[in-house]
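Secondary and tertiary structure notes
Here is what each chain is made of, one letter per residue.
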Amino acid sequence: MKEAISPGKNTVGEKISALIATLYQTERRLEELTAGEVDTVTDAEGRVLVLRRAQEHLRHYEALKQAAILNALPAHIALLDKAGVIVSVNNAWLDFADNNTLLSTDHGIGLNYLQICDSAVGEGAVQAHTAAAGIRDVLTGKVPTFSLEYPCASATQQYWFLMTVTLLAE
């Protein structure tokens, strides 16, 4: 539905901006009145408003819980987003990277794992390309899981890894 714009009338954008400002002020006032002790407010019709601080706390708590679970596992784990970008790694991954100087100081976080595999040349390129294809197959739902055993040589030792790719629940 389009709204007519007349000289005496606010534009839709101005109205939206005003509503956002009102919501922000209302949320701040609710937090002041409840001394920050209330996470949600319910109106007369039963609709729930989750306050921003509560939302941030829940996101932070979920991230900590996820990290604790991943760090409890001895496997080297990297979580990728749907585009193949590394968004998180566990302590085993960090330790291996630090001990073998395989990744940059950010341990690969923010790098596109698929692009790295796709651009591999020389020794190991075939496995890297196979890994990228398998990861894409899982990400697109073509297959539920993918596994690949591959070698990884450090400066001092030859390692063998078993890559297992699965989707996490969203």
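Residues numbered from 1 in each chain as written. Predicted model: local features only at pLDDT ≥ 70, side-chain atom pairs only at ≥ 80, totals over all residues. Heavy atoms only, no water.

Turning our attention to the packing of aromatic side chains. Tallied over the entire structure, the rule returns 4 aromatic pairs. Among the aromatic residues, ring-to-ring pairing joins Phe 96, Tyr 150, Tyr 159 and Phe 161 into one connected group. (Phe/Tyr/Trp six-rings, centres within 6.5 Å; stacked < 30°, edge-to-face > 60°.)

What follows deals with the nonpolar core. Tyr 113, Cys 117, Ile 135, Phe 146, Met 163 and Val 165 are the most contacted members of the largest nonpolar core, which has 17 residues in total. When contributions to this core are tallied by element, the ones reaching two or more residues are strand E4 (86-89), helix H4 (113-118), helix H5 (125-139), strand E5 (145-153) and strand E6 (158-166). At 6 residues, the largest contribution of residues to this core is made by H5. Residues within four places of Met 163 in sequence aside, it is in contact with Tyr 113, Ala 131, Ile 135, Phe 146, Ser 147, Leu 148 and Tyr 150. (Core = buried A, V, L, I, M, F, W, Y, C linked by side-chain atoms within 4.5 Å. Buried < 20%, exposed > 50% of the residue type's maximum accessible area, 1.4 Å probe, protein only. Helix = DSSP H or I, 4+ residues; strand = E, 2+ residues; numbered from the N terminus. Contact = heavy atoms within 4.5 Å.)

Counting across every chain of the model gives 2 salt bridges. Here Glu 62 makes a salt bridge to Lys 65, at a shortest N to O gap of 3.4 Å. Placement of both Glu 62 and Lys 65 in helix H2 (residues 52-72) is noted, with a separation of 3 residues, approximately one turn of the helix. On the accessibility criterion, Glu 62 (41% relative accessible area) is partly exposed. Arg 136 is the salt-bridge partner of Asp 118, the closest N and O atoms lying 2.5 Å from each other. Within this pair, whereas Asp 118 is found in helix H4, its partner Arg 136 is found in helix H5, the two being separated by 18 residues in sequence. Take Asp 118: its relative accessible area is 37%, and that puts it in the partly exposed class. (Salt bridge = Lys/Arg side-chain N within 4 Å of Asp/Glu carboxyl O.)

Linking Asp 118 and Ala 133, residues 15 residues apart in sequence, is a C-alpha distance of 8.7 Å. In contact with Asp 118, not counting residues within four places along its chain, are His 129, Ala 132 and Arg 136. Among the polar contacts made by the side chain of Asp 118, one reaches the side chain of Arg 136 at a distance of 2.5 Å. (Polar contact = N/O pair within 3.5 Å; in protein donor to acceptor, adjacent residues only side chain to side chain.)

Across the protein chain, pLDDT averages 81, with 82% of residues at or above 70. By mean pLDDT, strand E2 (residues 48-50) is the weakest element of the protein chain at 65, and H5 is the strongest at 95. Note on residues 1-6: pLDDT under 50 across the span, and 6 contacts to partners over four residues away in sequence or across chains. (pLDDT = per-residue confidence, 0-100.)

Every buried residue of helix H3 (residues 91-100) is accounted for by Ala 92, Trp 93, Phe 96, Ala 97 and Asn 100. An end-on view of H3 places all buried positions within 130 degrees of arc, on one side of the element. Where the residues of H3 are buried, they touch strand E3 (78-80), E4, H4, E5 and E6. (Arc of directions from axis to C-beta.)

In this structure, Asn 71 sits in helix H2. For the pair Asn 71 and Asn 90, spaced 19 residues apart in sequence, the C-alpha to C-alpha distance is 5.1 Å. Polar contacts involving the side chain of Asn 71 include one to the main-chain amide nitrogen of Asn 91, which spans 2.6 Å.

Further remarks concern the pairing of E5. In the sheet, E5 pairs with E6 via 9 bridges, with the strands oriented antiparallel. Residue Leu 148 lies in a different strand from E6, and its bridge partner there is Met 163. (Pairing = 2+ DSSP bridges.)

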